[in-house]
Amino acid sequence: MSVPQDHVVAAGLVGRALAPYGERPAAEGVAALTDELITCGQKFHDALARTPSQRRPVGAFEALAEWEYFAAVGPLGSGPHADWNHARGLARIIRQMMRALEHAAGASAS
């Protein structure tokens with residue numbers, strides 16, 4: 001079974017965002033990464049929202065709600081540390097949405 005290209009791209013973004021704090025990019029890099037995470041994450045959010053609720057795992061409902069909040073509110077606080085933590089939060093939610101979509105795909109294949 002091949003992995004969809006969106007999942008490959010998302011996994012790369014998530015990996016960059018969840019890198020150790022010592023590997024945090026400069027402010028411009030964090031801003032660019034956050035933009036990429038939001039673009040990618042919105043695709044996963046939309047796909048998960050279109051998935052029939054009976055095929056979604058329990059964590060999917062929380063991931064959808066968290067995404068809507070985090071994407072709308074932005075960083076909590078100001079400065080490079082708040083921006084980096086926001087990107088990391090988005091990455092964790094994307095990872096959760098990816099797992100939920102994989103679970104839903106497995107449920108429909110059975």
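Only a predicted model underlies this, so the values are computations on that prediction, with no experimental measurement involved.

**Remarks on helix α3 (residues 58-73)**
Part 1: Taking 1.5 Å of rise per residue, the 16 residues of α3 would be expected to cover 22 Å, and the 24 Å separating its terminal C-alpha atoms lies within 8% of that figure.
Part 2: Among the residues of α3, those classed as buried are Ala-60, Ala-63, Leu-64 and Trp-67. Buried positions in α3, seen along its axis, are confined to an arc of 100° and lie on one side of it. Away from its buried face, by an angle of more than 90 degrees, α3 presents the exposed residues Val-58 and Ala-72.
Part 3: Gly-74 occupies a position one or two residues after α3 and carries a positive phi of about 85°.

**Some words on the confidence of the model for the protein**
Part 1: Here the protein averages 90 in pLDDT, and 93% of its residues register 70 or above.
Part 2: The secondary structure element of the protein with the lowest average pLDDT is helix α4 (residues 80-109), at 90, and the one with the highest is helix α2 (residues 27-50), at 95.

**Overview of the side chain of His-7**
Part 1: Mapped onto the secondary structure, His-7 falls in helix α1 (residues 5-17).
Part 2: His-7 sits in the buried class, given a relative accessible area of 10%.
Part 3: Beyond its immediate stretch of four places on either side in the chain, His-7 contacts Phe-44, Met-98 and Glu-102.

What counts as what
- Residues numbered from 1 in each chain as written.
- Predicted model: local features only at pLDDT ≥ 70, side-chain atom pairs only at ≥ 80, totals over all residues.
- Heavy atoms only, no water.
- Helix = DSSP H or I, 4+ residues; strand = E, 2+ residues; numbered from the N terminus.
- Expected span 1.5 Å × (residues − 1).
- Buried < 20%, exposed > 50% of the residue type's maximum accessible area, 1.4 Å probe, protein only.
- Arc of directions from axis to C-beta.
- pLDDT = per-residue confidence, 0-100.
- Contact = heavy atoms within 4.5 Å.

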